[in-house]
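Geometric and topological summary
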Amino acid sequence: MNDKPLSLSEPPEGYTDWIANLKALIHSAQQRASQAVNRELVLLYWQIGSDILTRQANKGWGAKVIDRLAHDLRIAFPEMKGFSPRNLKYMRAFAEAWPDVQFVQGVLAQLPWYHQIALLDKLKMADDRLWYAQKAIDDNWSRNVLVMQIETRLREREGMAITNFEQRLPKPQSDLARESIKDPYRFDFLGLTHEAQEREVESALVQHVTRFLLELGAGFAFVGRQVPLNVGGDEFFIDLLFYHLKLRCYVVIELKADRFKPEHLGQLGFYLTAVDRQVKNEQDNPTLGLLLCKSKNKVVAEYALGDKTQPMGIAEYKLLESLPEPLQTNLPSIEQLEKELEGAEK
């Protein structure tokens, strides 16, 4: 038997593939374990909150019982965080907001606890909470992204652009394409004034491409800026080119730093034709066009799209716009809770 250790610089044949598979297996197991722990924690918090609600309603216990419960649970489980009075109030609110335990088990338990707190803190209506919860699950949002999407009123903007997708694309692609376009787009993060020109906006968007992609929504992949196209010996440049992974198509975005004009769609249509003929592959769906302008007349935009055979959408973009006041409850803020929980760990 040869006990000579293997040289680290010379792994045996097949070892590289094996270790790669093992890493993927371990990573997958870690994710499943983390998800299982989160699910059990969310269900535990729901049960505690439900018990508090039931006993307060049936036995007439007042608010002070939460302070007593927090004290006793901390003594019983000193190694566990999360039993502060504030977090217990969140558990009560969580159970009150979602009384159907089957729904909590099947859907909401996929989201971490701090996501649940964000939904409670920022939204009052059950249907709004459900919509954002499902989006957070589908698009794998962090809690910070979830809060940002709520504060910028994504639900009110998604699918609101003027398009001809329903007439020019087959279902279900037309529905997905329409849902992928919003109006208006918010570029507050650029720090530009309303007088900024197209190239300034375009350059700033590329410099902040991560935030830009987040504003565009799930599925968009950045391809390039000022992408050159040679047509009949003449050179043209696309402002911004993306590929949408869910729609399986290229998306041409043109910026106009003024009010929408019908002739803008002629240029956009030319770019769509060029991309379809020179860039897209056979398996790709027809290229989509999105015209972003400072403002538009809705009726004019609808008329302009009426005779266009290529799939296009028209939306506005806002460079500076004050954030709406967050919809607050009487519960403590996420930041206050985090600070308290961090303090409890020390």
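This section reports on the structure supplied with the text. These numbers were taken from a predicted model, which means no experiment stands behind them. (Residues numbered from 1 in each chain as written. Predicted model: local features only at pLDDT ≥ 70, side-chain atom pairs only at ≥ 80, totals over all residues. Heavy atoms only, no water.)

**Side note on the pairing of strand β3 (residues 220-231)**
- In this sheet, strand β4 (residues 234-244) lies alongside β3 in antiparallel orientation, the contact comprising 10 bridges. Its bridge partner being in β4, R225 is matched across the sheet by L240.
- Counting the residues in the hairpin turn of β3 and β4 gives two residues, including G232, whose phi is positive at 60°. (Pairing = 2+ DSSP bridges. Helix = DSSP H or I, 4+ residues; strand = E, 2+ residues; numbered from the N terminus.)

**Observations regarding unusual backbone geometry**
- Across the junction of K171 and P172, the peptide omega takes the value 0°, indicating a cis bond.
- Here P172 shows up in the loop between α9 (165-168) and α10 (173-180).
- For N140, which is not glycine, the phi torsion reads 55° and is therefore positive.
- Positionally, N140 belongs in the loop between α6 (126-139) and α7 (143-151).
- Despite not being glycine, Q226 shows a phi value in the positive range, around 50°.
- Its location among the elements puts Q226 in strand β3.
- Residue classification places Q226 among the buried residues on the basis of a relative accessible area of 18%. (Buried < 20%, exposed > 50% of the residue type's maximum accessible area, 1.4 Å probe, protein only.)

**Things to note about the nonpolar core**
- L88, F94, V104, L119, Y132 and L146 are the most contacted members of the largest nonpolar core, which totals 38 residues.
- The set of elements that each furnish at least two residues to this core consists of α1 (15-59), α2 (64-76), α3 (85-97), α5 (113-122), α6 and α7.
- Per-element accounting of this core gives the leading share, seven residues, to α1.
- Grouped together as the second largest cluster of nonpolar side chains are 31 residues, F165, L169, A177 and C249 included. (Core = buried A, V, L, I, M, F, W, Y, C linked by side-chain atoms within 4.5 Å.)

**Considerations on the environment of H264**
- Checked against the element boundaries, H264 lands in helix α13 (residues 264-278).
- Under the relative-accessibility criterion, H264 is labelled buried at 9%.
- Residues H264 and A304, 40 residues apart in the sequence, show an inter-C-alpha distance of 9.4 Å.
- Residues within four places of H264 in sequence aside, it is in contact with K256, D258, R259 and L291. (Contact = heavy atoms within 4.5 Å.)

**Quick look at the pattern of salt bridges**
- Applying the stated rule across the entire model yields 18 salt bridges.
- With a closest N to O distance of 3.6 Å, K246 and D139 form a salt bridge. Pair noted here: K246 is in the loop between β4 and β5 (249-259) and D139 is in helix α6, with a separation of 107 residues, a long-range link.
- The class of K246 is partly exposed, set by a relative accessible area of 48%.
- What makes D139 buried here is its relative accessible area of 18%. (Salt bridge = Lys/Arg side-chain N within 4 Å of Asp/Glu carboxyl O.)

**Some thoughts on the side chain of N164**
- With respect to the helices and strands, the residue N164 is situated in the loop between β1 (162-163) and α9.
- A polar atom in the side chain of N164 sits 3.3 Å from the backbone oxygen of K308.
- The residues touching N164, leaving out its near neighbours within four places in the chain, are L305, K308, Q310, P311 and M312. (Polar contact = N/O pair within 3.5 Å; in protein donor to acceptor, adjacent residues only side chain to side chain.)

**Here we look at the environment of K171**
- Within the secondary structure, K171 sits in the loop between α9 and α10.
- Within polar-contact distance, the side chain of K171 engages the side chain of D175 at 2.9 Å.

**A few points about the packing of aromatic side chains**
- Applying the stated criterion across every chain, the model contains 14 aromatic pairs.
- Ring geometry for F187 versus Y317: centroids 5.7 Å apart, planes at 25°, classification stacked. Of this pair, F187 sits in the loop between β2 (185-186) and α11 (198-207) while Y317 sits in strand β7 (residues 312-318), placing them 130 residues apart in sequence.
- Taking relative accessible area as the criterion, F187 reaches 0% and is therefore assigned buried.
- Judged by its relative accessible area of 1%, Y317 falls in the buried class.
- It is R143 that lies over the ring of Y114; its NZ or CZ is 5.9 Å from the centre. (Phe/Tyr/Trp six-rings, centres within 6.5 Å; stacked < 30°, edge-to-face > 60°. Lys NZ or Arg CZ within 6 Å of the ring centre and 35° of its normal.)

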